[in-house]
Structures are given as C-alpha cells and as structure tokens.
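So the chains spell out like this:
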Amino acid sequence: MSLEFLNAFKFMKKESFLHNLDPRAKLVLALTYTISALLFNQIIPLLIIFLSLIPLVIFGKILKQWIKSIRGLSFLVLFIIILNTLFLSLSFAIAMIFRICIMVSAFSIFFLTVDPNDLALSLISMKFPYEFAFSFSLAFRFVPTIANEAQNIIDAQQSRGYEMQKKGFINQIKNLFPLLIPLIICSIKRAFNVAEALESRAFGSKKERSYYYTIKFSLKDWIFTIYLILILIIFIFIKIQFSVMPDWLVWRLPV
Amino acid sequence: MITIYISKDLPLIIIENVDYVYPNGTVALKNINLNVHKGEMLGIMGKNGAGKTTLIRTLNGLIRPTSGDIYINNENTNSKSIAELSKNIGLIFQNPSHQLFANSVEDEINFSLKNLYLNKEELQIKTNEILKKFNLDKYRDRSPLNLSGGESKKLAIASIICRAPEILVFDEPTLGQDAREIESFIKLINTEKEKGKTIIIITHNIEFAFEFIPRTILMESGEIIADGPTQNVLNNNFLTERSSLILPQTRQLSLALQKIGFQDINKAVSKNDIIEYLINFLRNKTTSVQEE
Amino acid sequence: MDLIRFEKFYYRYKGNEEYALNNINLRIEEDNFILLCGETGSGKTTLIRCMNGLIPQFYSGFYKGKVFVNEKDTINTPIAKLSTDVGIVFQNPENQLIAMNVEHEIAFGLENLGVPPKEISKRIKESTSLTEIEHILDKAPFELSGGEQQRVAIASILVLEPKILILDEPTALLDPYMAKKIINLIKEIQVERNLTIIISEHRLDLVLPFADQMILMRNGEAIEHASRDDVLNGLNFQNLMLNKPVIYTIFDRLRNENLFFGKIPASIPAAIDSMKKLQSE
C-alpha cells in the first residue's frame, strides 16, 4: 500500500510563467474555469474549454503531474459514463466527464504551481487572520511527514502478522484500529512537539507580526487576470445567446 | 579474537543480486549479495539514507526487490505473503508508538499471537510466559500508552519475540538509551542467541557494535561496501570515512598511543585489551623502578 | 549575575503523582558550556522545559519555587518574551521545522517578534553562514537530511540571538558522523557568539571534550553541578548508568588498580597527555 497519489497535487519549485504568477491570479484562473465548466453541458464548448487549459499546463511545465491527476479520475469517469448513459445519454455523460476534468485540472494547476508559503500569504492578504493562514500552511507542511509515519505504522503492524484484507464491513472498520490508533497517538505527540517548538520561537507574541516575504500583484498578474475575465465574459455571452449559436457548437453524438 | 560462526550448511538467509528502485526512480538498493547463517549475529551500519532499513524491509516482504532473489530457509520469499514471512522473521522497529494500540499490555501481546491461530489455552500460557520473561506482568492490565519509554520499547520487542521467529531484526534498538537500558538489551539478545536465533541489528552505536556484534556490513548509497568481523570493519579508517562513521574511541586512543611510543598497542583491539596492555605497562614500569 | 536561577523548584506533571523535578537549586552563569547528564527518566527534558517557561506556562501541572531567566520570572513572563533570552533546540528536528522552505523557517521567529524585513535579512545571513546552510535556503524540510534539518533548527533559534542556547539530545536521531559535526558546530557557535550552552546528550564521548561544567541528574534531582573535571572524578558520575566514554572506563580501571592517580581525562588528547606523564615518571 502506498500513498503515491498525493504527489499529483504536490507543489514543486520550477521556473515557469505559471509559477511566477501571483497566487491570487491563479485562484482567479481556477475559479474562472470552474464557473465556465458549470455554464455548459454540451460536448463542444466543454471540449474547447478543456483544450484551452492544455497550453497553460505545457507552459507551466506541469504536464506530467497533471496527467497523473487526470489519470486519478479514471474510476470516477467510468462511474459517470455508466450512470449517465443508463439514465440520460452518452453525449451528456461525455460532457460531464469534460466538466469534471476541467474542474480538477483547474485546481491541480493551482496546487501544483502555488508555493504553499505564498498560499498562506495570499490568504492573509485576503484578510484571513494570520493564525488561520498559518495552520493551513502547517497542515500542508506535515502531509509528507504524516504520510511517512502512516507507512511506518503499516509496516510495523504487518511485521507482527497483521493482515490488511478482511472481509465484511464491520471487520474492515475494526481492522483499521491497529493503524488508526497509533497514527492518532503519534500525531497528538507530534502536535505537542510542534507546539513546543513554536512557543519557543515566539509564536503568539503580543507584538505586531512583521512579514519577511511579501507577494505582489504585478503587471503580468493584472494582464493575466483581465484575460481570464474576458474569457469568462465571452463564455457567459455564448451561454446567454446560445439559441443563435451555430449548429456545430451544439453538436451531439448521434446516439 | 572473535571468530565468525561458519556452518557447512546452507546459509539461513541468502540475498542474491537484489536491487530496489523506488517508483520515482531513486535507487535504494544496488546489487546486494549477503549470506547469513543460522545463529549468526550481524550488524548493519552506515549513514542515514544508505539503504539499511530498506534492506531489512525486503526480508519479510514489506518491500519486494525490483530484481534479484531472497531465500530464507532455502525458500524463495518471492511467492510468500508478508504474513507468512513474518512468522519466521520478526522485524522490530525503532519507534514503539508505531505499533502499540491495544487496551492493555496483555491485549497487545494477544494481538501478535492471534495471527498464529493458537487455541485459547495455548494463547494464555504463551502470553503469561512472555509477560513474565520481559518483567511486564505487573503492567498486564495497564494501557501501553501509560508505559515509560523503556518499558514500551520492551513491550514492542516482546510483541515480536512472543511469535518465536527464527530471525530477529532490530532497527536501532539502542537509540537514545542509557547504559542500563543497553545492558538489559544485550542480556536479551544474548539469551535469544543462546536459543540459536539469528539476529540482525541496524545500529549507529559504534561502541556497542564494536564490543558485542561479531560481524558487520557497512552500507553506502544502497550498496554493501564492507562485510567482515566488526572490529576489522570499524577499525578501517578508509571504510569508516566512506560510510560517514567515526572510528571507535578504542581505535582513536590506540592510534594516538602508538604515536607517543606505545609500539605494540595496535595488537590491542578491544577496550579490555587496551586496559590489560596499560596495566601491564604500568606494573612493569613500577617494578623496574623499584629494582633500580 | 546568573543567567538562569532555580530556587527550590519542584514540578509534577498533571495526572502524575511523582515529582518530575525535586527541589532544584541551580545557578547557571555566563559563557559556559554545560553538559546535562542523567539516566533516562531522570528529568533532563523537564528541567530544560523550565528554562524558557514552557513549564509552567505550556505544560500545566503543580509547581513550587521559582525559576529566573536573565532575572525574569518564568512563571509570568510570556514565553515569546523569554525566547530572546533562551533558545531551545529539540531532539527531533523534523517536528521543529514548520515552514515550507529553509529561509522562511529561519525568518519565522523574527517575524513573530515584529522585526523589520531588512534586519531579518541581515540576521538570516549571519546565522546561516555560521551554520553553513546558505546553499539550501530554498529547500523544503523533507528534502533535507537529518543533519541538515538539525542545522536549520539551530539556525532558526540562533537568529533570535538568545544568550543561552539549550539543546535537548540534538543528535539522538543522527548518524555518528553527523552527530560529531553538529556537536563541533555547537562549540563553534559558542565561541563565535559568546553564548552559554546547555546540552543534554547521550553521546558523552563527543561532548565531554568541550564541556566546562556538568550537571548530573538522578530521579528528578540535580545531584551535582560542578566543573567537568570535578564531576568526572567524583563518585556520583561513577555510580550513574551513563554511556561513559571508553577513555573513562580505561582510566577508571587504572585508578582502581592503583596505577593512576591523576584526573580522568575527558578527551583523547588529554588522555595522551596523562599517558605521557606516566611514561616519563
């Protein structure tokens, strides 16, 4: 058992036009695409939206991880196809798959290119309290540590004859105790250690906090945001005027 | 001098050309070849990240080699499940809190025994026996979470030894322990050794390895770079430097003594050899002074 | 003036019946390298937690007596305020690293204290060059080796410019070579910054050569606090079950055989000096 799949959303430092954007601009990106995807339920417009993401992914140098995150959806895709074709139509099913892919891509682009440090800063700049933003970034920081710990616990229990597969729902739940209890206890101990270290470094000092890092919404962020908003306006226009759109836009599968 | 136990039988553990590459492409083990005989005690040393814990995880199938084979008791481990392999190989991990979860010390032992499918009576007898052996019977009903660090380490070891595996593998058993705890650990492995158990110990504790483990392998970047009598391996400046260890203090001292004219001190290997050498030297000196 | 002063201090953790600390009276003076020794469970970590107010402010429990740090009462001076007097580096480096990269990690404490960015930048440069981690500033904590992690943890404390640096088994999770490098680094830091160092450590052979003083603990009591040589030659040290260095065992044995009457050496060079003397006598 491995926890590899988490990597599909893990930030990696890279030099690219996407990485250099302000996190807020990228949040606008994620939201614009999510809203656009929700506007339509026909194949062609959703396909166009989906395709328009691909150059971003390529220029952002995150193609590999993005493909991984899409591949992670395969089970869900199968589920949607079966359900929708049974109850609605294949065309609708395919459209829905594109919709899901767009939304997941938009957020995977966000998480893959936003430095979690900056994430906390952008939360603060959006008037979230510091403690909230900090605990958010702390959670990010400890994902790999806790994943590692979980793996160690699984290994330790398996080494004393514990078997993962058990039949029956109740048994499965019961069978999780030997893993969950040590994980919870270790996490509590860890939380104490972390808190102790934080206290020792003046966390919660009464003085006004200063910020060594700052994020800046620069010209390129403005240009990118305006571009995104324009796209959104065009999509909304198309949506409203859909009745007068050319036939190819509303094309459906013949089935 | 320490002689390695060499048997004419086939080794109990045979590791042949084992490689392990992580899914992300990192090479963790490279062309590992290792034989361990029944009843042997083997140390594994090397810096953090050298592949020591990956190597021991291949023994009970937690990690399956990317290529190469591991035989235990002449059987390829390839086709066997972790549960099957763990009956024979007991891995004892560094941190006891990674495995203690039951309501009581007794239940903790029962959990380990449960997977051996004993009947109720046998289970009771075995549990009593092991709790007594480890001096844990007074804590029988106590929650494992309320034990001290040393006691919970003992319980973790007991929870593996109660399954009576033929091979015991320890990951850093002396980490953060004081002399008393190390002494009681040594006592424990000596009794297991007397029973004919094969023991493998990963350790950073140079002096401990130097005095108590007859044979050691050194690992570096996933490879075994040395395999031999511990005192030869650790006294080799070139090897210890390559694997980021430091020379044992005995060796540092005898080298320094040699420099100031104690010529034949390099014959002294262990702490006791040096003591004996110095006692002899000082006694002879006082008698020669008296003669004058 | 004492940097740290314990006055008849008692402490017991909440839910425990036994006292973890029993009548502690200690005075720590400036510019010393102090080794804190004791068997497992003797109260070393608890004692350290009292030195920056974690006890009794963060860990609740029952206490009696007083602890002063730089003449500030640790019972009611906020821990944040004490952090510029005392810095603590803990055993597990991974749990002390809370930021996503090293530079941010080191800036964290100063940000909390509201230090202006320009000053932060200057101090980061100083403390990272002292700990030799300038080349890993943009790495994430989980990309670092254990030794690097501990260096970062030390730098993140040094940047606060405390007068006392306390380290609680800082090398427990490191391999011997890394441990040696960290201990050497701590000595360098002391010399460079004129700090007082208090270190609790199992690897006595690595630390003893540098120590000026030692504190011995047993069952929650500080049974001895004196110069290293006095402690090393005393009965208390002999009786405790500590991981005594090989040199100690050898010279202790020679002493018992009535062949050696000097002071037990704490390092290899000192041992060689003693042997030279014996040779020429």
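See the structure printed just above.
Enquirer: How would you sum up the overall build of chain B? Please name residues and give values.
Expert: Scanning chain B from N- to C-terminus turns up eleven helices and ten strands. Per-residue burial over chain B gives 54% buried out of 292 residues. Here the analysis covers contacts within chain B between residues at least 6 apart in sequence; of these, 62% occur between residues at least 24 apart. With the model as given, the accessible surface of chain B reaches about 13,200 Å², and the carbon-plus-sulfur share is 47%. Put simply, chain B has 33 plus and 35 minus side-chain charges, and the middle of one group is 2 Å from the middle of the other.

Enquirer: Go over the interface of chain A and chain B, please, and point to the residues and values.
Expert: Chain A puts 20 residues into the contact, and the matching count from chain B is 23 residues. Here chain A meets chain B over a buried area of about 1,900 Å², counting both sides, of which 57% is carbon and sulfur. Counting across the interface, chain A meets chain B through two salt bridges. A salt bridge links Asp-155 of chain A to Arg-57 of chain B; the nearest nitrogen and oxygen atoms lie 2.7 Å apart. In this structure, the connection of chain A to chain B is made through eleven residue pairs in polar contact (both at pLDDT 80 or more).

Enquirer: Tell me about the side chain of His-202 of chain C, residues and numbers included.
Expert: Within the secondary structure, His-202 of chain C is located in the loop between β8 (196–200) and α8 (204–207). The exposure class of His-202 of chain C is buried, given its relative accessible area of 14%. At a separation of 3.1 Å, a polar atom in the side chain of His-202 of chain C contacts the main-chain carbonyl oxygen of Gly-176 of chain B. Beyond its immediate sequence surroundings of up to four residues, His-202 of chain C is in contact with Gly-176, Gln-177 and Asp-178 of chain B together with Thr-40, Lys-44, Glu-169 and Asn-243 of chain C.

Enquirer: Give me a nonpolar patch on the surface: which residues, what numbers.
Expert: Residue and element names in this part refer to chain A. A surface patch of nonpolar side chains, about 960 Å² in accessible area, is lined by Leu-76, Leu-78, Phe-79, Ile-81, Ile-82, Leu-83, Leu-86, Phe-87, Leu-88 and Leu-90. Among the elements that take part in the nonpolar patch, helix α4 (residues 74–87) stands out by supplying eight residues, more than any other. Examined against the element boundaries, Leu-83 turns out to sit in helix α4. Leu-83 gets classed as partly exposed once you look at its relative accessible area, which sits at 37%.

Enquirer: Could you give an account of unusual backbone geometry, with specific residues and numbers?
Expert: With an omega of 5°, the peptide bond running from Ile-55 of chain C to Pro-56 of chain C counts as cis. Tracing the backbone shows Pro-56 of chain C in helix α2 (residues 54–58).

Enquirer: So, the sheet that holds strand β8 (residues 198–202) of chain B: which residues are in play, and what are the values?
Expert: Residue and element names in this part refer to chain B. The six strands lie next to each other as β6-β7-β8-β3-β9-β10, forming an open sheet whose pairing is mixed. The open sheet is flanked by β6 (89–92) and β10 (223–229), the only strands paired with a single partner. With direction set aside, neighbouring strand axes in the sheet form an average angle of 15°. As defined by bridge partners, strand β9 (residues 215–220) adjoins β10 across six bridges and the pair is classed as antiparallel. Residue pairing in the sheet places Met-219 in a bridge with Ile-224 of β10. Of the strands in this sheet, β3 (41–45), β7 (167–171) and β8 are in contact with helix α6 (residues 179–194), which crosses β8 at around 150°.

Rules behind the numbers
- Residues numbered from 1 in each chain as written.
- Chains lettered and ligands numbered in written order.
- Predicted model: local features only at pLDDT ≥ 70, side-chain atom pairs only at ≥ 80, totals over all residues.
- Heavy atoms only, no water.
- Helix = DSSP H or I, 4+ residues; strand = E, 2+ residues; numbered from the N terminus.
- Buried < 20%, exposed > 50% of the residue type's maximum accessible area, 1.4 Å probe, protein only.
- Contact = heavy atoms within 4.5 Å.
- Areas by Shrake-Rupley, 256 points an atom, 1.4 Å probe, with all protein chains shown as cover.
- Lys, Arg positive; Asp, Glu negative; His and termini not counted.
- Charge placed at Lys NZ, Arg CZ, Asp CG, Glu CD.
- Buried area = accessible area lost by both parts, 1.4 Å probe.
- Salt bridge = Lys/Arg side-chain N within 4 Å of Asp/Glu carboxyl O.
- Polar contact = N/O pair within 3.5 Å; in protein donor to acceptor, adjacent residues only side chain to side chain.
- Patch = residues over 30% accessible without salt bridge, like charges linked within 9 Å, V, L, I, M, F, W, Y side chains within 5 Å.
- Pairing = 2+ DSSP bridges.
- Axes fitted to C-alpha atoms, helices over the stretch in contact; angles between N-to-C directions.

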